[in-house]
Amino acid sequence: MRDRHNELVVQFASAEGPPRRFDLRVRVFDDGFGFRYEVPAQQGYDGVDITEELTEFRLEDDPKTKAWWIPGRRWNRYEYLYNTTGLDAIQMAHTPMTVRLASGVHLSFHEAALVDYAAYVLDHRRPGIFRTSLTPWSDGIRVKTRAPFKTPWRTVQVAPNAASLIDSTLILNLNEPNVLGDVSWVEPGKYVGIWWAMHIGLATWESGPKHGATTAETKRYIDFAGPNGFKGVLVEGWNVGWDGDWFHNGGQFRFTEPTRTST
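All of the points below concern the structure found in this document. (Residues numbered from 1 in each chain as written. Predicted model: local features only at pLDDT ≥ 70, side-chain atom pairs only at ≥ 80, totals over all residues. Heavy atoms only, no water.)

Another point: the environment of Asp 23. Position of Asp 23 among the secondary structure elements: in strand S2 (residues 21-29). A relative accessible area of 10% means that Asp 23 is categorised as buried. Considered as a pair, Asp 23 and Val 9 are 14 residues apart in the sequence and their alpha carbons are 6.5 Å apart. Setting aside residues up to four positions removed in sequence, Asp 23 forms contacts with Val 9, Val 10, Gln 11, Arg 36, Tyr 37 and Glu 38. At 3.0 Å, the side chain of Asp 23 forms a polar contact with the side chain of Arg 21. (Helix = DSSP H or I, 4+ residues; strand = E, 2+ residues; numbered from the N terminus. Buried < 20%, exposed > 50% of the residue type's maximum accessible area, 1.4 Å probe, protein only. Contact = heavy atoms within 4.5 Å. Polar contact = N/O pair within 3.5 Å; in protein donor to acceptor, adjacent residues only side chain to side chain.)

Attention shifts here to the sheet that holds strand S11 (residues 120-126). Sheet architecture is open: 4 strands sit in the order S5-S12-S11-S8, paired in antiparallel fashion. In the strand order of this sheet, the two ends are held by strand S5 (56-58) and strand S8 (92-93), each with one partner. Note that S11 and strand S12 (residues 129-134) share 6 bridges and pair antiparallel. Across the sheet, residue Val 121 finds its bridge partner in S12, namely Ser 133. (Pairing = 2+ DSSP bridges.)

The next thing to look at is the pairing of S12. Of all 6 residues making up S12, 6 are buried, and the element is well covered by its neighbours. Both faces of S12 are covered, namely the face carrying Ile 129, Arg 131 and Ser 133 and the face carrying Phe 130, Thr 132 and Leu 134. Sheet topology note: the S5/S12 ladder contains 3 bridges and is antiparallel. Note that in S12 the partner of Arg 58 across the bridge is Ile 129. What sits between the antiparallel neighbours S11 and S12 is a turn of 2 residues, in which Gly 128 has the positive phi angle 80°.

Taken together, the side chains of Val 179, Leu 180, Val 183, Trp 185 and Val 186 make up a nonpolar region of the molecular surface, amounting to roughly 600 Å² of accessible area. Checked against the element boundaries, Val 183 lands in the loop between helix H2 (170-174) and strand S16 (191-193). (Patch = residues over 30% accessible without salt bridge, like charges linked within 9 Å, V, L, I, M, F, W, Y side chains within 5 Å. Areas by Shrake-Rupley, 256 points an atom, 1.4 Å probe, with all protein chains shown as cover. Salt bridge = Lys/Arg side-chain N within 4 Å of Asp/Glu carboxyl O.)

On to the packing of aromatic side chains, then. Applying the stated rule across the entire model yields 15 aromatic pairs. Between Phe 253 and Phe 255, the ring centres sit 5.6 Å apart and the planes meet at 5°, which makes this aromatic pair stacked. The exposure class assigned to Phe 253 is buried, which follows from its relative accessible area of 14%. Overall, Phe 255 belongs to the exposed group, its relative accessible area being 57%. The ring of Tyr 80 has Arg 74 sitting right over it, with the charged end atom 5.6 Å from the ring centre. The ring of Trp 137 has Lys 144 lying over it, and the distance from NZ or CZ to the ring centre is 4.8 Å. (Phe/Tyr/Trp six-rings, centres within 6.5 Å; stacked < 30°, edge-to-face > 60°. Lys NZ or Arg CZ within 6 Å of the ring centre and 35° of its normal.)

Now for the environment of Leu 81. Looking at the secondary structure, you find Leu 81 in the loop between strand S6 (66-69) and strand S7 (83-85). Sequence separation between Leu 81 and Pro 71 is 10 residues; the distance between their C-alpha atoms is 8.9 Å. Once residues lying within four places of it in the same chain are set aside, the contact partners of Leu 81 are Trp 69 and Ile 70.

Before going further, it helps to examine the pattern of salt bridges. The full count for this structure, using the stated rule, is 16 salt bridges. Glu 111 serves as the salt-bridge partner of Arg 154, at 3.2 Å between the closest nitrogen and oxygen. Here Arg 154 is found in strand S15 (residues 153-159), whereas its partner Glu 111 is found in strand S10 (residues 106-112), with 43 residues between them in sequence. Taking relative accessible area as the criterion, Arg 154 reaches 0% and is therefore assigned buried.

Here the focus is the side chain of His 106. Tracing the sequence through the fold places His 106 in strand S10. Separated by 2.9 Å, the side chain of His 106 and the backbone oxygen of Gly 104 make a polar contact. Residue contacts for His 106: discarding those within four places in its chain leaves Thr 98, Val 99, Arg 100, Gln 157, Val 158, Ala 159, Pro 160, Asn 161, Ala 162 and Leu 165.

With an omega of 5°, the peptide bond between Thr 95 and Pro 96 qualifies as cis. The omega torsion of the bond from Ala 147 to Pro 148 falls at 5°, within 30 degrees of zero and hence cis. In this fold, Pro 148 is placed in the loop between strand S13 (143-145) and strand S14 (149-150). One non-glycine residue with positive phi stands out, namely Arg 73, at about 55°.

If you want it as structure tokens, here you go:
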């Protein structure tokens, strides 16, 4: 895989007050760009509490611009159906967020090398302007660290169409090199999941006559998976806890105890 980019490092230092400095590193690829902030070791930064990041992405607020996004930082899960809307309908969006400009050019906003740092969501602050809102700790602090440190790369992939975004290696190139050594034993594979039947109403999460995650149904999926090239079957909903208002009552789950109808 080819890693071809141009790089620019801009150093910033305080002109008044206690001496402070940080670097902005930018890498521009054929299919987009990434940038990050790098804070070197310096006096007074033995411990750092980051309360906000002010990075903003500015897009033309054109009614012809379309975005594909899921709601950011909801209270109990990440799994939402993607919305296809104009920019004005977005309040807070998880990344990757993909945008098709009026010209047809596609942009995808995400991040790379996210290690020991808060992930961000895109907060729609003003028309067409999105700020990186870092996920906070319970006390409101976004990141607790010490110098020297580097933020993750903030990435923008650029492509003439949606299909070309799939071919981008920008994020992979910005991630740190593999430190695990030989990973030839890792084999990607496809799997099927019983839970989709619950999502479309063909089966239920709760026990009863339409309970989806039963032994018999799992065997039926296994019989299908083998001959059709699937390496696994994911079974979800087999255990006690899915009856009633399980969505709001996570404490009722028993992950070592199957329901009577699942056996």
